[in-house]
Amino acid sequence: MTRDKKLIIGNWKMNLGVQESSLYVHKLAEKVQIHRNVEVVLAPTMLTLQTLSLQVNFRQFKLAAQNFYWRDSGAFTGEVSATQLRGIVQYGIIGHSERRHVFHETDKDTRAKVQAAIRNGIRPVLCIGETANERAIGETDDILYDQLIGGLANVTSEELNEVVIAYEPVWAIGNGHSASPLDVKTAVRAIRHNLKHLYGAKASEAVQILYGGSVTEHNAADYLELSDVDGFLLGGSSLDAKVFSEIVEKAHKSKN
Ligand code: 13P
């Protein structure tokens with residue numbers, strides 16, 4: 001995938017049951033326009049992925065898993081692997097702040113999951129971001145670097161093309177306090193700079209980097225003006241068909 005396309009991912013988190021999801025996708029299908037310059041991805045709960053994979057028009061929506069386990073199969077009660085998700089999802093979210101902070105996932109886990117995704121033909125969406133406290137004590141750059149190399153350690157420059165990075169500052173998630181466009185610009189620049197350091201200019205320029213954290217139909221255009229931002233990882237805004245479709249339209253019209 002190239003950066004000519006904006007990427008809008010809706011992370012529904014632990015919301016909507018099987019029937020509700022199906023009804024919601026029906027509603028989204030009527031509202032969200034198909035555009036060649038925007039890829040729209042839905043990340044419903046694990047439970048509903050298969051049903052939705054039979055329902056969606058893949059030209060309109062791709063699907064993402066919110067999480068998965070890094071082993072391909074075996075005695076891991078309660079887990080679902082990337083191998084099992086193959087053919088159902090095209091993307092897999094990895095290292096979301098809720099996975100890191102509520103479920104104590106480490107960079108070692110994200111690295112193994114990035115590998116599992118690539119091995120199974122699923123595009124990894126590696127989420128990185130600092131907490132309010134880390135920002136307050138001036139550690140933002142170090143955290144972003146550590147989480148980036150932590151997740152990408154075994155990724156080759158050819159494989160990097162399949163990877164999406166999502167900058168999600170923990171302090172901006174789910175509370176209406178979105179990061180300012182300047183904060184996002186600074187962080188995303190730093191991420192691309194780190195990628196350049198690790199993989200060289202050409203490979204780093206090709207990576208899609210998303211912003212996530214209290215994005216709405218009102219502030220989306222401000223981030224889309226930033227040349228380094230290639231789309232969004234949306235939480236709350238992805239659960240309202242009107243708001244979600246408006247953000248998709250803004251991405252379609254963005255000049256970058
Ligand atoms: P909100 O858009 O609700 O802040 O959530 C962002 C997020 O965590 C997406 O993964």
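Before reading on, note that the structure itself is shown above.
These notes cover the structure that comes with them.

What counts and how
- Residues numbered from 1 in each chain as written.
- Predicted model: local features only at pLDDT ≥ 70, side-chain atom pairs only at ≥ 80, totals over all residues.
- Heavy atoms only, no water.
- Helix = DSSP H or I, 4+ residues; strand = E, 2+ residues; numbered from the N terminus.
- Rg over C-alpha atoms; globule rule 2.2 N^0.38 Å.
- Buried < 20%, exposed > 50% of the residue type's maximum accessible area, 1.4 Å probe, protein only.
- Contact = heavy atoms within 4.5 Å.
- Areas by Shrake-Rupley, 256 points an atom, 1.4 Å probe, with all protein chains shown as cover.
- Lys, Arg positive; Asp, Glu negative; His and termini not counted.
- Charge placed at Lys NZ, Arg CZ, Asp CG, Glu CD.
- Salt bridge = Lys/Arg side-chain N within 4 Å of Asp/Glu carboxyl O.
- Patch = residues over 30% accessible without salt bridge, like charges linked within 9 Å, V, L, I, M, F, W, Y side chains within 5 Å.
- Pairing = 2+ DSSP bridges.
- Arc of directions from axis to C-beta.
- Axes fitted to C-alpha atoms, helices over the stretch in contact; angles between N-to-C directions.
- Parallel < 35°, antiparallel > 145°, perpendicular 65-115°, else oblique.
- Left-handed = near helix turned anticlockwise from the far one by under 90°.
- Nonpolar A, V, L, I, M, F, W, Y, C, P; charged D, E, K, R; others polar.

Notes on the overall build of the protein chain
Okay, so step 1: If you tally the helices and strands in the protein chain, you get 12 helices and 8 strands.
Okay, so step 2: Compactness check: the protein chain gives a C-alpha radius of gyration of 17 Å against a globular reference of 18 Å for 256 residues, within 12% of the reference.
Okay, so step 3: Dimensions of the protein chain, computed from C-alpha atoms along their principal axes, come out at roughly 45 × 45 × 35 Å.
Okay, so step 4: Across the 256 residues that make up the protein chain, the buried fraction comes to 52%.
Okay, so step 5: Here the contacts in the protein chain between residues at least 6 apart in sequence split such that 73% fall between residues at least 24 apart.
Okay, so step 6: In the structure as shown, the protein chain presents an accessible area of about 11800 Å², 51% of it carried by carbon and sulfur atoms.
Okay, so step 7: Averaging the locations of the 28 positively and 30 negatively charged side chains of the protein chain gives two centres separated by 6 Å.

Considering the pattern of salt bridges
Okay, so step 1: All chains considered together, the criterion is met by 17 salt bridges.
Okay, so step 2: Residues lysine 5 and glutamate 39 are paired through a salt bridge, measuring 3.8 Å at the closest nitrogen-oxygen approach. Here the residue lysine 5 occupies a position in the segment before strand 1 (6–11), and glutamate 39 occupies one in strand 2 (residues 38–43), the gap between them amounting to 34 residues.
Okay, so step 3: The exposure class of lysine 5 is partly exposed, given its relative accessible area of 24%.
Okay, so step 4: Overall, glutamate 39 belongs to the buried group, its relative accessible area being 10%.
Okay, so step 5: Two residues, aspartate 183 and arginine 135, come together in a salt bridge whose shortest N-O distance is 3.5 Å. Here aspartate 183 is found in helix 9 (residues 181–199), whereas its partner arginine 135 is found in helix 6 (residues 132–136), with 48 residues between them in sequence.
Okay, so step 6: For aspartate 183, a relative accessible area of 25% translates into the label partly exposed.

So, a negative patch on the surface
Okay, so step 1: There is a patch of like negative charges on the surface, built from Glu139, Asp141, Asp142 and Asp146.
Okay, so step 2: By the element assignment, aspartate 142 lies in helix 7 (residues 140–152).

Observations regarding the pairing of strand 8 (residues 231–234)
Okay, so step 1: Burial along strand 8 is two-sided: the face carrying Gly231 and Leu233 and the face carrying Phe232 and Leu234 are both buried.
Okay, so step 2: Across 4 bridges, strand 1 lies against strand 8 in parallel orientation. When the bridges of strand 8 are listed, leucine 7 appears paired with glycine 231.

Focus on helix 2 (residues 46–55)
Okay, so step 1: For helix 2, the complete set of buried residues consists of Thr48, Leu49, Leu52 and Ser53. One side of helix 2 holds all its buried residues, which, seen down the axis, span an arc of 145 degrees. Exposed side chains of helix 2 directed beyond 90 degrees from the buried face belong to Leu47, Gln50 and Leu54.
Okay, so step 2: Along its buried surface, helix 2 packs onto helix 1 (18–31), strand 3 (62–65) and helix 3 (82–85).

Describing the packing of helix 7 against helix 9
Okay, so step 1: Contact pair helix 7 / helix 9: the axes reach a minimum separation of 10 Å and the direction vectors enclose 45 degrees. By the criterion of interaxial angle, the relationship of helix 7 to helix 9 is oblique. Considering only the axes of helix 7 and helix 9, their crossing is right-handed. Residues Asp141, Leu144, Tyr145, Leu148, Ile149 and Leu152 of helix 7 pack against Ala187, Ala190, Ile191, Asn194, Leu195, His197, Leu198 and Tyr199 of helix 9.
Okay, so step 2: Broken down by class, the residue content of the contact of helix 7 with helix 9 amounts to 11 nonpolar, 2 polar and 1 charged.

Looking at the pairing of strand 7 (residues 208–211)
Okay, so step 1: Residues Gln208 and Leu210 of strand 7 are buried on one face, and the alternating residues Ile209 and Tyr211, pointing to the opposite face, are buried as well.
Okay, so step 2: Summarising the sheet, strand 6 (residues 164–167) and strand 7 pair through 4 bridges and their orientation is parallel. Looking at the pairing, tyrosine 167 lines up with tyrosine 211 of strand 7.

Looking at the packing of helix 5 (residues 107–119) against helix 7
Okay, so step 1: The N-to-C vectors of helix 5 and helix 7 enclose an angle of 45 degrees; their axes lie 7 Å apart at closest approach. When the axis of helix 5 is compared with that of helix 7, the two are oblique. Crossing of helix 5 over helix 7 shows right-handed handedness. Along its contact with helix 5, which presents Asp107, Thr110, Arg111 and Val114, the element helix 7 presents Asp146, Gln147, Gly150 and Gly151.
Okay, so step 2: For the contact of helix 5 with helix 7, the residue count by class is 1 nonpolar, 4 polar and 3 charged.

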